[in-house]
Amino acid sequence: MAVAPLSQKEIEDRLAELPGWSADGDRLTRTYRLPSHFAAAALVTHIARIQDELDHHSDCTLGYHSVDLTITTHSAGGTLTEKDFTLARRVEDIAPGHGAH
């Protein structure tokens, strides 16, 4: 199924609803700071479950007390689509403190 890239205005509107997220070219990015490495690893596990449910996978980097996410839609030429923002919103919903930075 083809997924249409979002316009710059659509991207800006959606970013306004996702504090802590930013657009870096054609990617959404976010870093979560957590109180421990275990908490960061647990968040990665929950993110992986959501990605499998949505069949949309981000680049996810586990740090000592952090998780870095980079999301783009490869099937749409590496552009931002509604799928990216759906994944970002789902991650925000389960992140400790809804986006603790």
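This is a predicted model, so every value here is computed, not measured. (Residues numbered from 1 in each chain as written. Predicted model: local features only at pLDDT ≥ 70, side-chain atom pairs only at ≥ 80, totals over all residues. Heavy atoms only, no water.)

Q: So what exactly am I meant to see when it comes to the overall build of the protein here?
A: Each helix and strand counted, the protein has three helices and four strands in total. Its helices and strands taken in sequence order, the protein reads α-β-β-α-β-β-α from the N to the C terminus. In terms of overall size, the protein behaves like a compact globule, its C-alpha atoms giving a radius of gyration of 13 Å where 101 residues would be expected to give roughly 13 Å. In terms of overall dimensions, the protein has C-alpha extents of about 40 × 25 × 20 Å along its principal axes. A total of 101 residues make up the protein; the buried ones form 37% of that total. Taking the contacts inside the protein whose residues are at least 6 apart along the sequence as the reference set, 64% of them involve residues at least 24 apart. Total accessible area on the protein is roughly 5,600 Å²; 54% of this is exposed by carbon and sulfur atoms. (Helix = DSSP H or I, 4+ residues; strand = E, 2+ residues; numbered from the N terminus. Rg over C-alpha atoms; globule rule 2.2 N^0.38 Å. Buried < 20%, exposed > 50% of the residue type's maximum accessible area, 1.4 Å probe, protein only. Contact = heavy atoms within 4.5 Å. Areas by Shrake-Rupley, 256 points an atom, 1.4 Å probe, with all protein chains shown as cover.)

Q: Just to check I follow, could you spell out the packing of helix α2 (residues 37-54) against helix α3 (residues 82-94) for this structure?
A: Between two packed helices, both the angle of their axes relative to each other and the distance between the axes serve to describe the pair. Between α2 and α3, the shortest axis-to-axis distance is 10 Å and the interhelical angle comes to 145°. Here α2 and α3 pass one another in a crossing that is right-handed. Here L43, H46, I47, I50, Q51, E53 and L54 of α2 come into contact with α3, specifically with T86, L87, R90, V91 and I94. Of the residues contributing to the contact of α2 with α3, the split by class is seven nonpolar, three polar and two charged. (Axes fitted to C-alpha atoms, helices over the stretch in contact; angles between N-to-C directions. Left-handed = near helix turned anticlockwise from the far one by under 90°. Nonpolar A, V, L, I, M, F, W, Y, C, P; charged D, E, K, R; others polar.)

Q: What should I look at first to understand the environment of W21 in this one?
A: Tracing the backbone shows W21 in the loop between α1 (8-16) and β1 (22-23). Judged by its relative accessible area of 6%, W21 falls in the buried class. Distance from W21 to A88, taken between C-alpha atoms, is 8.2 Å for residues 67 residues apart in sequence. Setting aside its immediate chain neighbours within four residues, W21 contacts L15, L28, T29, R30, Y32, L69, I71, A88 and E92.

Q: Is there a simple way to explain the pairing of strand β3 (residues 59-62) in this structure?
A: Here is the key point about a regular strand: its side chains alternate between the two faces of the sheet. Bridge analysis of β3 against strand β4 (residues 66-71) gives four bridges, and the strand direction is antiparallel. Counterpart to L62 in the pairing with β4 is V67. (Pairing = 2+ DSSP bridges.)

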